[in-house]
Amino acid sequence: MPWPASPRLRAFAPGLGPLKRGDLRFDLVAGLTVAAVAIPQALAYAWVAGLPPQMGLMAAALPCIAAALFGSSPYLVTGPTNPTALLLGTSVVMPALAASGVVPVGQVLSTGLLVGMMVLAFGALGLGRTSRFLSDSVIVGFAAGTGLLIALHMLPELTPGLQPSPHAGGFAPQSWPALRDAARALAGADSRSLGLMFFTAALIVALRRIDRRFPAALVSLAVASLGSHLLGWNAGPDALPQIAPLEFAWPDAVGLDVPDLRSLARPAFAIAILVTLQSVAASRSVRPPLGARLDPDRELVGQGAGNLVSALVGGMVTCGSLTRTAVARSAGARSRLTAVVAGAAVLVALPALGPVISAVPMAALVGLIVLSGLELVDPRALRRATTTRGDAWILLITLGSTLWVDLVQALYVGLFLSLALLVRRSGDLQIVELVRSASGRFREIAIDSRTGSTPAVLLHLEGDLNFAIAGDLSDRLAEIGRHAPRLVIVRLKRARHLDATVLETLRQAVVTLQRGGTQIVLSGLNNDMVHVLEKTELGSLLGENGLLRSGDRLFEGFERSMDRARKLLGELPDDAIFRRDVDPIPRP
């Protein structure tokens with residue numbers, strides 16, 4: 001059946017985009033390289049979420065293929081990630097485990113299904129582009145907090161049978177029990193487990209310095225397993241704990257916990273937001289080839305499809321992975337075929353992974369997970385995300401919330417602060433007066449007490465004309481009107497997003513100014529803005545002569561403003577119409 005004829009739906013049609021025969025070799029090599037990185041990460045992130053390792057592996061196979069077919073970026077690789085795994089574990093798995101003592105596989109799959117539908121809807125509704133309005137400080141602060149929590153939550157695995165500390169209640173931070181348990185685990189752990197953990201982490205760091213494309217985690221786990229076997233640490237009464245054998249459950253053997261969908265909506269929505277932010281950030285972290293462009297809406301459709309497939313095949317929640325995407329690009333990926341090859345390679349390897357993975361010491365996996373958690377605390381990203389005071393406060397509050405309250409609330413806190421900062425910054429009124437300098441040219445100065453004291457006033461208003469600036473704009477125009485100028489020209493050449501509140505503010509200002517004998521003209525208007533204004537009360541008040549288009553020539557709209565002023569104030573010379581700049585022009 002052909003894909004629907006709607007242009008909007010055709011934009012989401014599955015496919016790999018244009019493929020070149022010469023690129024196939026590069027995509028094949030890059031895909032196999034990514035698969036070698038994805039397998040140990042999938043094991044680790046499943047453990048972070050408190051889930052069986054096979055759920056992480058399933059999430060790295062078919063969902064990776066589905067997300068690539070519906071996605072946009074030629075490099076983005078999808079699968080389980082650290083932040084989404086921890087959020088899934090703390091909001092869904094741990095509460096169910098505490099209540100029943102059983103891993104809630106059905107609830108996890110239902111959560112994945114909800115996340116997939118939500119993210120799919122985000123993309124279909126065109127919400128992908130709105131993610132750029134959310135501060136990087138939220139993502140960096142949340143990632144740093146989750147990284148620390150991941151490291152703290154994994155260390156107790158070094159000491160089997162360690163009873164978790166209860167939460168003190170009250171105003172105590174949520175991370176306090178995890179910090180105490182981590183300290184107790186390090187103090188009471190077997191020296192062999194500590195050695196394996198530090199050895200695995202150090203070997204991964206050392207191997208990565210050779211080549212970023214090198215499967216350092218996979219090789220390190222293999223070396224740790226071989227060393228444990230040669231030293232006899234994997235057998236006998238004092239054997240070190242190892243990863244449990246894999247038990248794959250295919251679609252006909254898994255069930256969705258449908259009755260709990262309503263209770264899962266809150267954590268699913270938080271995870272969907274995190275998937276949206278992390279996936280778009282990962283896709284933008286690697287620039288597409290020259291001439292190609294990213295479609296964030298299609299990217300979200302791909303992530304939604306990946307999560308739906310993951311839920312149906314028994315996998316955990318998936319997301320665009322920053323680390324595996326970077327590996328794909330550095331390994332020479334040319335198209336989305338790389339992610340398809342990676343997912344297929346993991347799928348083919350699944351039957352053989354059971355006996356291999358069960359030989360991996362748990363301490364080695366803990367070393368990998370702790371290292372991956374600490375790597376989320378990126379000093380360079382922290383510096384970049386705190387360049388302004390507002391961004392720094394958002395990062396610190398998001399980081400503190402991540403460590404103090406549960407992750408769902410922490411994510412909402414960061415999003416709220418980011419949007420509040422956006423509204424505050426968009427509410428800064430960008431308006432100046434254009435005055436004639438000694439050379440006869442016009443230059444910008446800040447509006448002051450003299451603005452409006454000349455027969456004509458030339459104002460330049462730019463930026464977003466939304467409700468947040470309406471109050472300040474009304475006050476400025478009222479102050480200028482008290483001087484009773486004969487003409488006020490408001491230049492809107494670089495203004496955008498004119499909303500109903502600003503339209504009403506301008507209408508009220510026009511009524512007040514006209515009542516005092518002042519005419520107002522809007523200049524520098526593009527055709528779309530003129531069409532909008534002509535249908536409003538403001539347009540009727542100003543009339544055709546009060547709406548001046550910008551024109552195609554450079555400064556054509558400005559020249560029209562000058563001509564309008566000369567026509568209305570023809571008895572005055574040009575030098576007397578507008579305010580003259582008495583201050584010397586600052587030199588660069």
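Data block above holds the structure.
Trainee: Before we move on, can you summarise the pattern of salt bridges with the specific residues and values?
Mentor: Using the criterion set out here, one finds nine salt bridges in the structure. A salt bridge links Arg 192 to Asp 190; the shortest N-O distance between them is 3.0 Å. Of the residues examined, Arg 192 reaches a relative accessible area of 19% and is grouped as buried. Residue classification places Asp 190 among the partly exposed residues on the basis of a relative accessible area of 30%. Each of Glu 433, Asp 448 and Arg 579 takes part in one network of salt bridges that share partners.

Trainee: Would you mind going over the side chain of Asn 307 in detail, with residue names and values included?
Mentor: Structurally, Asn 307 is set in helix α12 (residues 296-313). A distance of 3.1 Å separates a polar atom in the side chain of Asn 307 from the backbone oxygen of Gln 303. When neighbours within four sequence positions are excluded, Asn 307 is seen to be in contact with Gly 112, Val 115, Gly 116, Val 275, Val 317 and Thr 318.

Trainee: Describe helix α8 (residues 176-188), with residues and values.
Mentor: For α8, with 13 residues, the first-to-last C-alpha span of 19 Å sits near the 18 Å given by 1.5 Å per residue. The set of residues buried in α8 consists of Pro 177, Ala 178, Asp 181, Ala 182 and Ala 185. Down the axis of α8, the buried set is contained in an arc of 135°. They therefore lie on one face. Of the surrounding elements, those touching the buried residues of α8 are α7 (136-154).

Trainee: Can you explain the nonpolar core? Please cite residues and give values.
Mentor: Ranked by internal contacts, the top residues of the largest apolar core, which has 90 residues, are Leu 51, Leu 57, Leu 88, Val 115, Leu 158, Met 316 and Leu 365. Counting residues per element, this core draws most heavily on helix α11 (residues 261-285), at ten residues. Counting residues in hydrophobic clusters, the runner-up holds 30 residues, among them Leu 473, Leu 506, Leu 525 and Leu 547.

About the cut-offs
Residues numbered from 1 in each chain as written. Predicted model: local features only at pLDDT ≥ 70, side-chain atom pairs only at ≥ 80, totals over all residues. Heavy atoms only, no water. Salt bridge = Lys/Arg side-chain N within 4 Å of Asp/Glu carboxyl O. Buried < 20%, exposed > 50% of the residue type's maximum accessible area, 1.4 Å probe, protein only. Helix = DSSP H or I, 4+ residues; strand = E, 2+ residues; numbered from the N terminus. Polar contact = N/O pair within 3.5 Å; in protein donor to acceptor, adjacent residues only side chain to side chain. Contact = heavy atoms within 4.5 Å. Expected span 1.5 Å × (residues − 1). Arc of directions from axis to C-beta. Core = buried A, V, L, I, M, F, W, Y, C linked by side-chain atoms within 4.5 Å.

Structural measurements only, silent on function.
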